[in-house]
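# An overview of the molecular structure
Residues per chain, in single letters:
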Amino acid sequence: MHTPDSPFYTEDHQAFRDQLRRFVEKDISPFIEEWEAAGRVPRELHEKAANIGLLGLGYPQEQGGNGIDDPFFSIIAAEELARAGSGGLCIALLTHNIATPPIVHAGTDEQKAKFVAPVLAGEKITALAITEPEGGSDVANIRTTAKRDGDSYIVNGAKTFITSGMRADFITTAVRTGEPGLGGLSLLVIEADTLGLDRTSLNKMGWQCSDTATLYFDNCRVPIANRVGPENAGFLAIMRNFNHERLMLISTAYAFAQVCYDEALAYARERITFGRALIKNQVIRHKLVEMKMKIDAIKAQLEILSWRVWQGEAPIAELCMLKAFSTRSLEHIAGEAVQILGGAGYIRGAKVERIFRETKVLSIGGGANEVMIDLASRQMGY
Ligand SMILES: Cc1cc2nc3c(=O)[nH]c(=O)nc-3n(C[C@H](O)[C@H](O)[C@H](O)COP(=O)(O)OP(=O)(O)OC[C@H]3O[C@@H](n4cnc5c(N)ncnc54)[C@H](O)[C@@H]3O)c2cc1C
């Protein structure tokens, strides 16, 4: 049965939301500062998240997923996780949502048993390694090579800015096995204990509790059995997940914008300046309405596009535009929230302070906004 305020959400969605809210309040929020300082989230959290069905959301039951194919649960997950006020937490805990889908779609049964099931159970951690020191936007120019040697590939090269790269047990890695361009790429799952794999940690502006790594491959021997899908079809396997990844980023930008708005509204109601509540000033009220206008528009389009992708459509131009619009809007909304909180918004520990530092990565990652807008223009035949 649908809830009264939306045609998309049912009582099952509400029950999932309630459960997640309790999880965030009990198992995440009290520890965020500690994890931000430590630069990583603990492995035990993955197991806890698996136990409440968060890691398996949308994955097939055969691999330990909940088998629910409904994108509105993912929107709820983004909303509830964002309430802890840390984008690093979301990306660290859910890195598998970019690393695992290629294996689910194109992997063998053995690969699914080895590289998917333990990840959805929260026992193993995974990462996706595409970006290289020479460039991330231009995927066609990937230089890391994998050359056949008997029943193995020998991998040489480097990857950088890899989320969960320090903690990952399995790294879904894009390598060049063939000709120049997108048609010469393959995906290999490289295991953490592979000889010749070295990793160094990167310090960042935001996403502090999400570890980020540069990975070096020096003559790494990787079994051919770890190749996901046919040789030189790696880009197709990556591309299949692009629309879901864009929806994920849009949901994240929307959810954090909502947290900024909630924090700013609460503060504006409480804070007294010049003898009256901040919100009594027209300029502050207008700032809040400007924020809300963007948030509501993004949410409406997010739900429509989620529904269309669920129906099997590929509204690429619309997804690219909304990815760029939502992340750019978050930059504005987080900035305004910090402004409304004044000095209190600039001090570590305030959610809006952290979210403000985390805005840029969403405009750069998952397809830089310039690249998204250009792709949208080409999709629309400009
Ligand atoms: C915290 C963090 C986590 C990340 N996690 C991962 C991960 O897990 N796995 C992974 O593979 N990658 C990851 N990335 C990498 C991310 O996907 C890349 O940063 C992104 O694709 C951009 O690549 P680049 O940084 O090499 O920038 P470049 O490709 O060098 O581009 C630099 C800038 O130039 C502009 N630009 C680029 N191309 C064009 C163009 N055609 N037209 C106009 N302007 C353009 C954009 O503004 C872009 O930001 C992560 C990055 C960060 C910061």
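Below is a short write-up of the structure. (Residues numbered from 1 in each chain as written. Predicted model: local features only at pLDDT ≥ 70, side-chain atom pairs only at ≥ 80, totals over all residues. Heavy atoms only, no water.)

What follows covers the pattern of salt bridges. In the structure shown here, the tally under the stated rule is 23 salt bridges. Residue Arg148 is joined to Glu231 by a salt bridge in which the shortest nitrogen-to-oxygen separation is 3.2 Å. Residue Arg148 is located in strand β2 (residues 145–149), and its partner Glu231 is located in the loop between β8 (227–228) and α9 (234–239); the two are separated by 83 residues in the primary sequence. Take Glu231: its relative accessible area is 29%, and that puts it in the partly exposed class. Lys299 is the partner of Glu303 in a salt bridge, and the nearest nitrogen-oxygen pair spans 3.8 Å. Pair noted here: Glu303 and Lys299 are both in helix α11 (residues 282–310), with a separation of four residues, about one helical turn. If you follow the salt bridges from partner to partner, you end up with Arg17, Arg21, Glu79, Glu80 and Arg83 in one network. (Salt bridge = Lys/Arg side-chain N within 4 Å of Asp/Glu carboxyl O. Helix = DSSP H or I, 4+ residues; strand = E, 2+ residues; numbered from the N terminus. Buried < 20%, exposed > 50% of the residue type's maximum accessible area, 1.4 Å probe, protein only.)

Turning our attention to the site of the ligand. If you check the shell around the ligand, you find 19 residues, and the closest are Leu128, Thr131, Gly136, Ser137 and Phe161. At 2.6 Å, a side-chain N or O of Ser137 approaches an oxygen atom of the ligand. Take Thr163: an N or O atom from its side chain is 2.8 Å from a nitrogen atom of the ligand. The fraction of the free accessible surface of the ligand (960 Å²) that becomes covered by protein chains is 64%. Those elements that place two or more of their residues in the shell around the ligand are β1 (126–129), β3 (152–163), α14 (359–364) and α15 (369–379). (Near = heavy atom within 4 Å. Polar contact = N/O pair within 3.5 Å; in protein donor to acceptor, adjacent residues only side chain to side chain. Areas by Shrake-Rupley, 256 points an atom, 1.4 Å probe, with all protein chains shown as cover.)

Take unusual backbone geometry next. What you tend to see is this: most non-glycine residues have negative phi, and most peptide bonds are trans. The phi torsion at Asn219 lies on the positive side, around 50 degrees, for a residue other than glycine. If you trace the backbone, Asn219 turns up in strand β7 (residues 212–223). At Phe274, a position not held by glycine, the phi torsion is positive, near 50 degrees. Within the secondary structure, Phe274 is located in the loop between β9 (272–273) and β10 (276–277).

Contact geometry for helix α4 (residues 71–82) and α11: axes closest at 9 Å, N-to-C directions at 145 degrees. Here α4 contributes Pro71, Phe72, Ile75 and Glu79 to the contact with α11, which in turn contributes Lys299, Leu302, Glu303, Ser306, Trp307 and Trp310. Here the residues of the contact of α4 with α11 sort into six nonpolar, one polar and three charged. (Axes fitted to C-alpha atoms, helices over the stretch in contact; angles between N-to-C directions. Contact = heavy atoms within 4.5 Å. Nonpolar A, V, L, I, M, F, W, Y, C, P; charged D, E, K, R; others polar.)

Over its twelve residues, α4 runs 17 Å from end to end, which matches the ideal 16 Å to within 8%, given 1.5 Å per residue. For α4, every residue scored as buried is listed here: Pro71, Phe72, Phe73, Ile75, Ile76, Ala77, Ala78, Glu79, Glu80, Leu81 and Ala82. Structurally, α4 contributes buried residues whose contacts are with α1 (11–28), α5 (87–93), α10 (242–270) and α11. Sitting at the amino-terminal end of α4 is Asp70, which places a side-chain oxygen 2.8 Å from the backbone nitrogen of Phe72. (Expected span 1.5 Å × (residues − 1).)

Following the sequence through the fold, Asp211 ends up in the loop between β6 (197–201) and β7. For the pair formed by Asp211 and Ala225, sequence separation is 14 residues and the distance between their alpha carbons is 28 Å. Residues contacting Asp211, with those up to four places away along its chain left out, are Gly39, Ile162, Thr163, Ser164, Gly165, Met166, Arg167 and Lys204. A polar atom in the side chain of Asp211 sits 3.3 Å from the backbone nitrogen of Gly165.

Read these as layout, nothing more, since geometry by itself doesn't imply function.
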